[in-house]
Amino acid sequence: MNIFDDRIYIFGDDSRQLALFNLFLEKGYNAAYSTDCFSNDNKKIKYSHHFYEDNLCTGTDFLIFPIPLKKRSIDNLFPFAHKNNYIIGGLFDKELTAFCNRNNICYYDLYLSKNFVTSNAKITAEGAIFCAMQNSTKTISGSKSLVIGYGNCGCKIAGMLKCMNSEVHVIEPAKKTYIGRNIRLYKNITEVRNIHRFDFIFNTAPQKSLVDDILCRLKKNATIIDIASAPGGTDFDYCKKYGICAKLCPGIPGHYAPDTAARIIFNEIVNLKREG
């Protein structure tokens, strides 16, 4: 397909979405950007110089949404959905994919792309460590760090911490997980007997593992960075009550490095369009 025949709608008010819009403009695409897609008053729309809303659609309308994407979040847009729409986002819920399948609407979940997941995890890991450094009086070098979960993000965080000369420990229930040299592996948090020695704890798992009987054993100046989906795996009420530094950090790529995060999505969409 001719990738310049299509119109691209970008929705959302975070920095990554705006950076993505500007990137499409820079490359000469027909793009529009709206900050009010999640309300019934969808008026704040910016267009590229050659995007005409009243033109008949001769190609495909690509609707690009923030991550994660749930159907109930964008129900007000669905009356306009039709077979020429291509919905793009990440971490779709089952209701949304079922809707698209019923109405023959094409969709693409970015998290099904290995390249996107890997690139996004690198930004997330870098941003999580940056957040930890901002909220601690200690350096990563010479510290002791605990990473809960060794998925895409967990393994990147552990690797970066190791490169920064932190003593790294990992909690991962999978029996055959390879974590490399000089990283201590535990199957669950109850096995970590020296948890009071850790300076930094990075949680990537959605299960509530950092609860009161664990948190009460931490050193007073420990820093917790939780990147799991809300509400996270940390008892934040307990942390607030007892003065433990704990931060829930969703959407790190969009906050920490919006331009780089936008380019990753841009490349995915351009490749998708070229493949037809």
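Now for a quick tour of the structure. (Residues numbered from 1 in each chain as written. Predicted model: local features only at pLDDT ≥ 70, side-chain atom pairs only at ≥ 80, totals over all residues. Heavy atoms only, no water.)

Next up on the list: the packing of aromatic side chains. Here the structure, examined in full by the defined rule, presents 12 aromatic pairs. Consider the rings of Y111 and F116, whose centres lie 5.3 Å apart with planes at 75 degrees: the pair is edge-to-face. Grouping aromatic residues by their ring pairs yields a cluster made of Y9, F11 and F65. (Phe/Tyr/Trp six-rings, centres within 6.5 Å; stacked < 30°, edge-to-face > 60°.)

In the structure shown here, the tally under the stated rule is 2 salt bridges. Between K219 and D199 there is a salt bridge, with the nearest N and O atoms lying 3.0 Å from each other. Placement of the pair is K219 in the loop between α5 (212-215) and β11 (223-226) and D199 in the loop between β9 (184-186) and β10 (200-203), with a sequence separation of 20 residues. K219 gets classed as partly exposed once you look at its relative accessible area, which sits at 23%. The structure contains a network of salt bridges with shared partners spanning K138, D199 and K219. (Salt bridge = Lys/Arg side-chain N within 4 Å of Asp/Glu carboxyl O. Helix = DSSP H or I, 4+ residues; strand = E, 2+ residues; numbered from the N terminus. Buried < 20%, exposed > 50% of the residue type's maximum accessible area, 1.4 Å probe, protein only.)

With that out of the way, let us pick up the sheet that holds strand β8 (residues 167-171). As summarised here, the arrangement of the 6 strands in space is β9-β8-β7-β10-β11-β12, forming an open sheet in which the pairing is parallel. The outermost strands of the open sheet, each flanked by one partner alone, are β9 and β12 (245-248). Taking the axes of each pair of neighbouring strands and ignoring which way they run, one obtains an average angle of 15 degrees across the sheet. Of the pairings in the sheet, the one linking β11 to β12 comprises 4 bridges and is parallel in character. Opposite T223, over in β12, you have C245 as the bridge partner. This element, helix α4 (residues 152-163), spans β7 (144-148), β8 and β10 of the sheet and lies at about 170 degrees to β7. (Pairing = 2+ DSSP bridges. Axes fitted to C-alpha atoms, helices over the stretch in contact; angles between N-to-C directions. Contact = heavy atoms within 4.5 Å.)

By the element assignment, G159 lies in helix α4. Of the residues examined, G159 reaches a relative accessible area of 31% and is grouped as partly exposed. Separated by 34 residues in the primary sequence, G159 and A125 place their C-alpha atoms 9.1 Å from one another.

Judged by how many residues are buried, β7 sits mostly within the fold: 4 of 5 residues are covered. Pairing analysis gives 5 bridges linking β7 to β8, with the strands arranged parallel. Within β8, the residue paired with L146 across the bridge is H169. Of the strand pairs in this sheet, β7 and β10 are connected by 4 bridges, and their pairing is parallel. Pairing of V147 across the sheet is with F202, part of β10.

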